[in-house]
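# Architecture at a glance
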Amino acid sequence: MDWTALEALPRPTLSELFEDRERVAKLAAELEIPGGAIRFDWSKTHLDDAVVAAFERLAEEADFAGKRAALFAGGVVNASEGRAATHTAQRGVGDVVDVEEAQALHQRMRALVEAIHGGLLGEVRHLIHIGIGGSALGPALAIDALARDDARVTVHVVANIDGCALEQAIGECDPATTLIAVASKTFTTTETMTNAASALDWLGDSGVEDPHGRVIALTACPDKAVEWGVDETRVLPFPDTVGGRYSLWSSIGFPIALAMGWEAFAEMLEGGAAVDRHFRDSDGIANLPLRAAFADLYYAQVRGCQTRAVFAYDERLRLLPSYLQQLEMESNGKRVTAWGDPLGGASAAVTWGGVGTDAQHAVFQLLHQGTHLVPVDFLAVAAPGDALDPAHHRILLTNCFAQGAALMAGRASQDAARAYPGDRPSATILLDDLNPASFGALIAFHEHRTFANAALLGINPFDQFGVELGKEIAKAIEGGAQRFDASTQALLAAAGL
Ligand code: F6P
């Protein structure tokens, strides 16, 4: 991609850009979704008419519209693996055959969820959900965000191979009323299969007669789950065209449905579908995920920003930054295009972040006065999630908006240590309310933003070969291989391995 046209454009400051009285009307928009409106305010970024026009030309050259059409039509958008990417079909938007398949698999999941609620597997109070990466981050985020007060089943997500993770979960569960979900697209991931085996040992050692009878498998490889010992009736498959980091809409979302009920899960899908339709049907700057991608790429490619930060000013969304890290960095952290050519610029920025207001008292110093320019996303919810004195939520929101204002305005001072340079960009996403539908919309927005970034960069966002080499070396070490570099050998020896 040739960024020279963008690089050559004038660079007005944010204060200069705000001389345009229409700026907020132009760059802040509300999307009506079933769970209430979501406001996407990109006015405090350096997007202006000239930058947007240049990006719209780039989008045309990159055949953004063609790639998007292929995504929704079930075309092979994941060329390196010869596959479609059908996560939108899980939400009911996509090729008719993919949508029908998704609906049939959802019916199967719904039947099992409702049977468990009805007592099919006896009293169930806990679910240990074992999975890693895309098989864990979505369920963990959704449950933490949406099922804090009224979960029908308490879900414990275990990802790490470190036995401390599983030990903590089993320490909080009663074996007689606990089910185990083994969530793995491939059903081969070392961490997941090792944790699953140990969880079954725990059930067996605790006197549960048929530990395998307590397992629900969530996978794109149902045969492997059956071979591992899970009865076919408790295997919930999903299509292999649903990528791990795009899979919370599929049977990987089983713990969400079990904890919150099918209606809530269906509302989450509907919220995602509303954003799918917006993304599919809007063009240019009016397309909100594409607009966000324009800003992302402007900062990464033109202003040299190596990172972007996301701060959720809502405790319920505290896991969102780590969810987005996988979504964005595993999708777009690539140095070659889908055709194998060097990118000719930066790949996706490093995504990092935290929760507000905590982060203000920890890392915001660098955002305001450091030498790095870091575009920031602020996320907030207008309706409070707590029942305490309304002062809590008021202070939370005023702090969120104050930070964006301060980053932009800065403040001059004779004392260099006290001066704020300002002109630092941010975007704000404000949800009317946090509920399953608005949550689904928020996640789908980020999926499409990631896709739009990839389409403009020419990246295939649906493969992840970069994760393989380290796994292979770990397996070689486990298998007894000994010829490594001197540092690695010394570390192995020092750890007694
Ligand atoms: O190693 C990375 C990865 O393959 C992710 O892409 C994926 O979400 C995760 O591991 C878990 O994989 P699986 O669902 O196959 O266990």
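Since this is a predicted model, take the numbers as computed values, not measurements. (Residues numbered from 1 in each chain as written. Predicted model: local features only at pLDDT ≥ 70, side-chain atom pairs only at ≥ 80, totals over all residues. Heavy atoms only, no water.)

### What to know about the domain arrangement of the protein chain
- The domain boundaries assigned to the protein chain delineate domain 1 (4-83 + 267-466), domain 2 (89-265) and domain 3 (467-497).
- Computed over C-alpha atoms, the centres of domain 1 and domain 3 are 39 Å apart. (Domains from an automatic or database assignment.)

### Considerations on the nonpolar core
- Judged by nonpolar contacts, the single largest core of 102 residues is most densely connected at Phe55, Phe254 and Phe439.
- Looking at this core element by element, the count peaks at twelve residues for helix α18 (residues 436-457).
- Each of two domains, domain 1 (4-83 + 267-466) and domain 2 (89-265), supplies a minimum of three residues to this core.
- In this structure, Phe55 is in contact with Trp3, Leu6, Phe294, Leu297, Tyr298 and Leu456, ignoring residues within four places of it in sequence.
- Ala196, Ala199, Leu203 and Val208 belong to the second largest nonpolar core, which has 22 residues in total. (Core = buried A, V, L, I, M, F, W, Y, C linked by side-chain atoms within 4.5 Å. Buried < 20%, exposed > 50% of the residue type's maximum accessible area, 1.4 Å probe, protein only. Helix = DSSP H or I, 4+ residues; strand = E, 2+ residues; numbered from the N terminus. Contact = heavy atoms within 4.5 Å.)

### A few points about the layout of surface pockets
- Of the voids in this model, the largest pocket is the one considered here, and its volume is about 1100 Å³.
- Sorting the residues of the lining of the largest pocket by element identifies α10 (190-205), α15 (320-332) and α19 (468-478) as the ones contributing at least two each.
- With six residues, the top contributor of residues to the lining of the largest pocket is α19.
- Reported here for the second largest pocket is a volume of approximately 520 Å³.
- Along the walls of the second largest pocket sit 23 residues, with Arg148, Asp314, Arg316, Gly385 and Asp386 positioned nearest its centre.
- Of all the secondary structure elements, the ones that give two or more residues to the lining of the second largest pocket are α8 (137-146) and α17 (391-409). (1 Å grid on protein atoms, 1.4 Å probe; cavity = no way out; pocket = protein on both sides within 12 Å on 5 of 7 lines; lining within 4 Å. Points joined across faces, edges and corners; volume = space filled by probe spheres on them.)

### Here we look at the sheet that holds strand β6 (residues 215-219)
- Pairing within the open sheet is parallel, and its five strands lie in the order β4-β3-β5-β6-β7. Of all the strands in the sheet, just β4 (154-158) and β7 (235-237) have a single pairing partner and so form its edges. Shown here is a sheet whose adjacent strand axes are inclined to one another by a mean of 20°, direction ignored.
- As judged from the three bridges shared by β6 and β7, these two strands associate in the parallel manner. (Pairing = 2+ DSSP bridges. Axes fitted to C-alpha atoms, helices over the stretch in contact; angles between N-to-C directions.)

### Things to note about empty space enclosed by the protein
- Scanning all chains against the criterion turns up five cavities of 30 Å³ or more.
- For the largest cavity, the calculated volume is near 160 Å³.
- For the largest cavity, the lining is made up of 15 residues, of which Asp296, Glu328, Ala348, Ala349 and Asn453 are closest to its centre.
- Grouping the amino acids of the lining of the largest cavity by side-chain chemistry returns five nonpolar, six polar and four charged.
- Looking at the second largest cavity, its volume works out to about 120 Å³.
- Lining the second largest cavity we find 18 residues, and of these Asp296, Tyr299, Arg308, Pro375 and Arg449 sit closest to its centre.
- Contributing elements (two or more residues each) for the lining of the second largest cavity: α14 (288-302), β8 (307-313), β10 (376-381) and β11 (426-431).
- The element contributing the most residues to the lining of the second largest cavity is α14, with five residues. (Nonpolar A, V, L, I, M, F, W, Y, C, P; charged D, E, K, R; others polar.)

### As for the side chain of His129
- With respect to the helices, strands and loops of the structure, His129 is situated in strand β3 (residues 126-130).
- Given a relative accessible area of 0%, His129 falls into the buried group.
- A distance of 2.7 Å separates a polar atom in the side chain of His129 from the backbone oxygen of Ser135.
- Sequence-distant contacts of His129, defined by excluding residues within four places in its chain, comprise Ser135, Ala136, Pro139, Val155, His156, Val157, Val158, Ala181, Ala183, Leu218, Ile252 and Pro255. (Polar contact = N/O pair within 3.5 Å; in protein donor to acceptor, adjacent residues only side chain to side chain.)

### Some details on the environment of Arg394
- Structurally, Arg394 can be placed in helix α17.
- Using a relative accessible area of 52% as the deciding quantity, one classes Arg394 as exposed.
- Expressed as a C-alpha distance, the spacing of Arg394 and Gln90, which sit 304 residues apart in the sequence, is 37 Å.

### Quick word on the pairing of β4
- Relative to β4, β3 is paired through five bridges, and the arrangement is parallel. Residue His126 lies in a different strand from β4, and its bridge partner there is Thr154.
- As for the winding sense of the linkage, the β-α-β connection from β3 through α8 to β4 is right-handed. (Right-handed = clockwise from strand over helix to strand, strands pointing away.)

### Notes on the pattern of salt bridges
- In total, this model carries 25 salt bridges according to the counting rule given.
- Between Asp283 and Arg68 there is a salt bridge whose closest N-O contact spans 2.9 Å. Of this pair, Asp283 sits in the loop between α13 (262-281) and α14 while Arg68 sits in helix α5 (residues 64-73); the two residues are 215 residues apart in sequence, bridging distant segments of the chain.
- By relative accessible area, which is 53% here, Asp283 ends up exposed.
- According to the relative accessible area criterion, Arg68 is buried, its value standing at 7%.
- Between Arg308 and Asp377 there is a salt bridge whose closest N-O contact spans 3.0 Å. You can see Arg308 sitting in strand β8 and its partner Asp377 sitting in strand β10, a full 69 residues away along the chain. Residue Arg308 shares its accessibility class with Asp377, and that shared class is buried.
- Several salt bridges converge on common partners, so that one network encompasses Asp296, Arg308, Glu328, Asp377 and Arg449. (Salt bridge = Lys/Arg side-chain N within 4 Å of Asp/Glu carboxyl O.)

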